[in-house]
Amino acid sequence: MWVLLAVLGSSAAAPPEGRQADQASLARIARGDQLAFAELYDRHARLVFSLALRILQERADAEDIVQEVFAQVWSQAGRYDASRGAVAAWMLMLTRSRAIDRLRARRARPETASESNTAESVVDSAVRQDLELLSAEQVTRLQRALKELPDAQRTALELAYYEGLTHAEVAARLSEPLGTVKTRIRQAVIKLRESLGQM
Amino acid sequence: MDVIRDDDRPELEPPILQGLGQAVPQVDPPLALRARVLESIAGKPAARPAAARPAVWQLATAASLALAAGLGLYTSQLRGRIGVLEDELRDTRARANAADQRVADAQRTAAGAQSSLAVLTAPDVARIDLAGQPPVAPQASARAFWSRSRGMVFTASNLPPLPAGSVYQLWVVTKEPAPLSAGLLTPDAQGGVNETFSTPPDIPQPVALAVTIEPAGGSPSPRGEKYLIGTL
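Quantities reported herein were computed from a predicted structural model and do not represent experimental measurements. Per chain, residue numbering runs from 1 following the sequence as it is written. The naming scheme follows written order: chains are lettered A onward, ligands numbered 1 onward. Side-chain atom pairs in this predicted model are given and counted only at pLDDT of 80 or more, local residue features only at pLDDT of at least 70, and totals for whole chains, interfaces and linings cover all residues. Values reported for side chains reflect all heavy atoms of the structure, with hydrogen atoms and water molecules removed beforehand.

A.B. asks: Hey, could you run me through the overall build of chain B in this one?
C.D. replies: Only DSSP runs of H or I covering at least 4 residues are called helices, and only runs of E covering at least 2 are called strands; the numbering of each starts at the N terminus. Within chain B, the regular secondary structure consists of three helices and eight strands. Reading chain B from its N end, one meets helices and strands in the order α-α-α-β-β-β-β-β-β-β-β. Contacts are assigned to residue pairs that have any heavy atoms within 4.5 Å of one another. Contacts in chain B between residues far apart in sequence, at least 24 positions, make up 57% of those at least 6 positions apart. Working note: accessible area of chain B is about 13900 Å², and carbon and sulfur atoms make up 59% of it. Here the accessible surface of atoms and residues is derived via Shrake-Rupley with a 1.4 Å probe, and residues count as covered only by protein chains that are part of the display.

Below you can see the structure in the form of structure tokens.
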């Protein structure tokens, strides 16, 4: 059901004209245009809320994240570099980052110096440039590929992406050897990449 | 490229990263959240477009505006300053004029004193006491020091106030010819006089000094009533 929703949902993928509209909105927001801000909200609040909810699993927390992300958009619109990628992709990155921060805070996991080397998320160090949203068709293919992954691979990947865990943390969570977890994540990523037509 | 590197700091390429963000079940946020978000930014200052690098013309325009504003302010300050300076200049000029006046007065006084001293210390100085004449000036009195070479110092006191349109005139009375006018007296409020007169060195030997009241401007010869008389 949610696959269908994702396909039908206009905010799940931003068409090229949507991207231009986003950048135009952001330029107006940078001048303090609240109407443009409302338009951007209407286009992407669903995308932001859905990701925050998926990560945090609590509606109240997800709503807070939506509020934080849009407040950040409001305050940083003037500094946004359009050449870096799509506005919606930037907002998704902000959403994931803030939601995972909140998740970590909720767990109140003490950060120690010894952890700092390994605590880096599997995806935190991902290259943050040329951010682009996938097309609706690509998202559908990705969702299908995710669904077809063996449970063990999907679970490991989801822990890494949606909870921001390191390989070591995923391994600890699943009580599996680190090497096994690395292999599962790698295999999962290969299948997803293939689903997107990339080798 | 292997997505999981040996150093255990793997990366997910951007398409998968974005795709996983988009691939979640899509859920509509509550309607109330929209109002809350829009409200939350309404009171905050607008985003800062200036943080985006301004174009050269924007900088130039801003600089011109700043310069114009600065010049305007500067001009206004200058105008105010000039006004203050003009006031100061007027005040200074007035003070200078007053000072000049005092200097001139002082110089006149000094010159008068010097003249008086010269007369008083002249080897040929003679003293003449004058007495007030009843009934017009019974209280008045005067004294003169006369030197043929240096002139006359005349002091008087208690001269009665003059009727309008009249003056006191000092006469040097000689045997021949008619009395010679030494000059007009200008008494102060108390009827006092302290003046120096020059007299012709070739004046015939005086026999008396007299002060009469004459029409304004003085007379060529004494016609009015005598107020003071003194003989040598």
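A.B. asks: So what exactly am I meant to see when it comes to empty space enclosed by the protein here?
C.D. replies: Left-over empty space is what a probe sized like a water molecule reveals as it rolls over the atoms. The distinction between a cavity and a pocket rests on a 1 Å grid over the protein atoms alone: a 1.4 Å probe fits inside a cavity but cannot get out, while a pocket stays open yet meets protein on both sides within 12 Å along at least five of seven lines, and a residue with an atom within 4 Å of a point counts as lining. Grid points are joined across faces, edges and corners, and a volume is the space filled by probe spheres set on the points. For the structure shown, the criterion picks out two cavities of 30 Å³ or more. Estimated volume of the second largest cavity: approximately 30 Å³. Here the residues of the lining of the second largest cavity sort into eight nonpolar, one polar and no charged. We call Asp, Glu, Lys and Arg charged. Ala, Val, Leu, Ile, Met, Phe, Trp, Tyr, Cys and Pro are nonpolar, and the rest, Gly among them, are polar.

A.B. asks: Can you walk me through the pattern of salt bridges in this structure?
C.D. replies: Should their charged atoms come close, side chains of opposite charge can pair. Residue and element names in this part refer to chain A. Between Lys or Arg on one side and Asp or Glu on the other, a salt bridge is scored when a side-chain nitrogen of the former is within 4 Å of a carboxyl oxygen of the latter. This structure, assessed with the given rule, holds 20 salt bridges over all chains. Residue Asp 61 is joined to Arg 106 by a salt bridge in which the shortest nitrogen-to-oxygen separation is 2.5 Å. Separated by 45 residues along the polypeptide, Asp 61 in helix 4 (residues 59-76) and Arg 106 in helix 5 (residues 87-107) bring together distant segments of the chain. Type-normalised accessible area, obtained with a 1.4 Å probe on protein chains alone, sets the label of each residue: buried when under 20%, exposed when over 50%, and partly exposed for intermediate values. Using a relative accessible area of 38% as the deciding quantity, one classes Arg 106 as partly exposed. Ionic pairing is found between Glu 163 and Arg 173, a salt bridge with its closest N-O pair at 2.9 Å.

A.B. asks: Is there a simple way to explain the packing of aromatic side chains in this structure?
C.D. replies: To describe a pair of aromatic rings, you give the distance between the ring centres and the angle between the ring planes. All names here are of chain A. Centre distance within 6.5 Å is the pairing criterion for rings of Phe, Tyr and Trp, where only the six-membered ring of Trp is used; planes under 30 degrees apart are then read as stacked, over 60 as edge-to-face, and the remainder as tilted. In the structure shown here, the tally under the stated rule is six aromatic pairs over all chains. An angle of 55° between the planes, with centres 4.9 Å apart, marks the rings of Tyr 41 and Phe 70 as tilted. With Tyr 41 in helix 3 (residues 34-56) and Phe 70 in helix 4, this pair connects stretches of sequence that are 29 residues apart. Here Tyr 41 matches Phe 70 in class, with each residue buried.

A.B. asks: Can you walk me through the environment of Ile 65 of chain A in this structure?
C.D. replies: All names here are of chain A. With respect to the helices, strands and loops of the structure, Ile 65 is situated in helix 4. Along the sequence, Ile 65 and Ala 99 sit 34 residues apart, while their C-alpha atoms lie 6.4 Å from each other. With residues near it in sequence (within four places) discarded, Ile 65 still touches Ala 52, Leu 56, Thr 95, Arg 98, Ala 99 and Arg 102.

A.B. asks: Hey, could you run me through unusual backbone geometry in this one?
C.D. replies: Negative phi is the rule for most residues except glycine; trans is the rule for most peptide bonds. Residues and elements named next belong to chain B. The omega torsion of the bond from Pro 134 to Pro 135 falls at 10°, within 30 degrees of zero and hence cis. Here Asn 158, not a glycine, exhibits a phi torsion of approximately 60°, which is positive. The residue Asn 158 is located in the loop between strand 3 (151-157) and strand 4 (166-174) in this model. According to the relative accessible area criterion, Asn 158 is partly exposed, its value standing at 44%.

A.B. asks: So what exactly am I meant to see when it comes to a nonpolar patch on the surface here?
C.D. replies: A surface patch of nonpolar side chains, amounting to about 500 Å² of accessible area, comprises Leu 67, Leu 71, Tyr 74, Leu 78 and Ile 82 of chain B. In this structure, Ile 82 of chain B sits in helix 3 (residues 56-120). Exposure above 30% relative accessible area and no salt bridge define the residues that can form patches, which grow by joining like charges within 9 Å and nonpolar side chains of Val, Leu, Ile, Met, Phe, Trp and Tyr within 5 Å.

A.B. asks: For this particular structure, what's the right way to read the packing of helix 6 (residues 136-148) of chain A against helix 9 (residues 178-195) of chain A?
C.D. replies: Packed helix pairs are characterised by how far apart their axes lie and by the angle those axes make with each other. All names here are of chain A. Convention adopted: a line fitted to C-alpha atoms gives each axis, helices being fitted over their contacting stretch, and angles between N-to-C directions are expressed from 0 to 180 degrees. Here helix 6 crosses helix 9 at 145°, and the two axes come no closer than 8 Å. In the crossing of helix 6 with helix 9, the sense of the turn from one axis to the other is right-handed. When helix 6 is examined against helix 9, the residues Arg 141, Leu 142, Ala 145 and Leu 146 are found in contact with a partner set consisting of Lys 191, Leu 192 and Ser 195. Counted by class, the contact of helix 6 with helix 9 contains four nonpolar, one polar and two charged residues. Note on convention: the crossing is left-handed when the near helix lies turned anticlockwise from the far helix by less than a right angle, right-handed when the turn is clockwise.

A.B. asks: Would you mind showing me how to read the sheet that holds strand 8 (residues 226-231) of chain B here?
C.D. replies: Backbone hydrogen bonds are what pair the strands of a sheet, in a parallel or an antiparallel way. All names here are of chain B. Note on pairing: two strands pair once DSSP finds at least 2 bridges between them. What the eight strands build is an open sheet, ordered 5-4-7-8-1-2-3-6; its pairing is antiparallel. Pairing within the sheet leaves two strands with one partner each, and these edge strands are strand 5 (180-185) and strand 6 (193-197). The average undirected angle you get between the axes of adjacent strands in this sheet is 20°. Pairing geometry for strand 4 and strand 7 (residues 206-215), over nine bridges, is antiparallel.

A.B. asks: Which parts of the structure should I look at to understand the pairing of strand 7 of chain B?
C.D. replies: Regular strands place their side chains on alternate faces of the sheet. Residues and elements named next belong to chain B. For strand 7, a buried count of eight out of 10 residues is recorded, marking the element as mostly surrounded by other parts of the structure. Strand direction decides the pairing type here: strand 7 and strand 8, joined by five bridges, are antiparallel. Along strand 8, the bridge assignment pairs Val 211 with Leu 228.

A.B. asks: Sorry, what's going on with the side chain of Gln 169 of chain B here?
C.D. replies: Residue and element names in this part refer to chain B. Residue position: Gln 169 is located in strand 4. In protein, a polar contact means a hydrogen-donor-capable atom and an acceptor-capable atom, both N or O and within 3.5 Å, with residues adjacent in sequence counting only if both atoms are side-chain atoms; elsewhere, any N or O pair within 3.5 Å suffices. Within polar-contact distance, the side chain of Gln 169 engages the side chain of Ser 181 at 3.0 Å. Setting aside residues up to four positions removed in sequence, Gln 169 forms contacts with Ser 181, Gly 183, Leu 184, Ala 210, Val 211, Thr 212, Glu 214, Gly 218 and Ser 219.

A.B. asks: What's the story with helix 8 (residues 167-174) of chain A in this structure? I'm lost.
C.D. replies: One full turn of an α-helix is made of 3.6 residues, so residues set three or four places apart face in the same direction. All names here are of chain A. Within helix 8, burial applies to His 167, Glu 169, Val 170 and Ala 171. Elements in contact with the buried residues of helix 8: helix 7 (151-163) and helix 9. After helix 8 finishes, the residue Ser 175 shows a positive phi value of roughly 55°.

A.B. asks: Even after reading the chapter, I still don't get the nonpolar core, so can you show me in this structure?
C.D. replies: Residues enter a nonpolar core if they are buried and are Ala, Val, Leu, Ile, Met, Phe, Trp, Tyr or Cys, with the set joined through side-chain atoms within 4.5 Å. Within the largest apolar cluster, 70 residues are counted, with the highest numbers of intra-cluster contacts made by Leu 26, Phe 70, Met 91 and Leu 192 of chain A together with Leu 20 of chain B. Once residues lying within four places of it in the same chain are set aside, the contact partners of Met 91 of chain A are Leu 40, His 44, Val 48, Val 69, Phe 70 and Val 73 of chain A. With 24 residues, the next largest nonpolar core counts Ala 142, Met 152, Leu 159 and Leu 185 of chain B among its residues.

A.B. asks: Any chance you could explain the pairing of strand 1 (residues 126-132) of chain B here in plain terms?
C.D. replies: Residues and elements named next belong to chain B. When strand 1 meets strand 2 (residues 141-147), the two strands line up antiparallel, connected through six bridges. Its bridge partner lying in strand 2, Asp 129 is registered against Arg 143. Two elements, strand 1 and strand 8, share two bridges in a ladder whose sense is antiparallel. Note that in strand 8 the partner of Ala 131 across the bridge is Ile 229.

A.B. asks: Just checking my understanding: could you explain the packing of helix 4 of chain A against helix 5 of chain A for this structure?
C.D. replies: Residues and elements named next belong to chain A. It is the contact of helix 4 with helix 5, at a shortest axis distance of 9 Å, that shows an interaxial angle of 135°. On the basis of the axis angle, helix 4 is oblique to helix 5. For the pair helix 4 and helix 5, the crossing hand works out as right-handed. On helix 5, the residues touching Asp 61, Asp 64, Ile 65, Glu 68, Val 69, Phe 70, Gln 72, Val 73 and Gln 76 of helix 4 are Trp 90, Met 91, Leu 94, Thr 95, Arg 98, Ala 99, Arg 102 and Arg 106. Here the word oblique covers every angle except those under 35 degrees (roughly parallel), over 145 (roughly antiparallel) and from 65 to 115 (roughly perpendicular).

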